[in-house]
Structure formats: structure tokens, C-alpha cells
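Understanding the architecture of this molecule
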Amino acid sequence: MPTYLVEEMQNDRATRSRTIDAPTPLVAASKLINRKLNGRTWEKDWIRVTDEARGKVFSYSIADKDTQNTKAARREKPTSA
């Protein structure tokens, strides 16, 4: 199983880090925090995952605590007429 260096970031500053064995970078990032991750938008709080063996770096934004304000959460579901 690959080993990743996982760092919780605030802007450009690492606030904590841990080496984690996980099958994927996303699983490694999830093991560091207990919050939802979002790979599609940029937030000031994010996770940097480094696979040093393969020379790759992955980044995942930490979803806001209030995810009800996101566009996806605001989309209304179709109702039957």
C-alpha cells in the first residue's frame, strides 16, 4: 500500500501533517480529517497529499462546514405536478 505525506493547509501554510498508508490519495486525505473533501473548488482550507515515491502532489479543498450554501445543495429537485 502506498505511503503519502498528508498536510492540512491554510492558504500556503501547513497546520498539521501526517504520513498515512492508504490505497489512494483521496483516502489518505480523508484519514487526516473528518470533513467532506471537494476537488472542484478552491478553498483557503485544503489538503495537500504528496506521493513521494511517484513524485506526484494532489490537492483537495475542505468543504465548508455549511454545505447548504453550495450551488449543488441549492439546486431544487423536480417536483411532480
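Everything below is about the structure printed above this text.
Fair warning: this is a prediction, and the values are worked out from it, not measured in the lab. (Residues numbered from 1 in each chain as written. Predicted model: local features only at pLDDT ≥ 70, side-chain atom pairs only at ≥ 80, totals over all residues. Heavy atoms only, no water.)

Structural notes on helix α1 (residues 25-32)
All buried positions along α1 are accounted for by P25, A28, A29 and L32. Down the axis of α1, the buried set is contained in an arc of 100°. They therefore lie on one face. Close packing links the buried residues of α1 with β1 (3-10), β2 (13-21), β3 (37-38), β4 (45-51) and β5 (56-62). (Buried < 20%, exposed > 50% of the residue type's maximum accessible area, 1.4 Å probe, protein only. Helix = DSSP H or I, 4+ residues; strand = E, 2+ residues; numbered from the N terminus. Arc of directions from axis to C-beta. Contact = heavy atoms within 4.5 Å.)

Details of the pairing of β4
For β4, a buried count of five out of seven residues is recorded, marking the element as mostly surrounded by other parts of the structure. Of the strand pairs in this sheet, β1 and β4 are connected by six bridges, and their pairing is antiparallel. What sits directly across from Q10, in β4, is D45. Examined bridge by bridge, β4 and β5 share six bridges and lie antiparallel to one another. Bridge pairing in β5 links R48 to S59. Adjacent in sequence and paired antiparallel, β4 and β5 are bridged by four residues, among which G55 carries a positive phi angle near 70°. (Pairing = 2+ DSSP bridges.)

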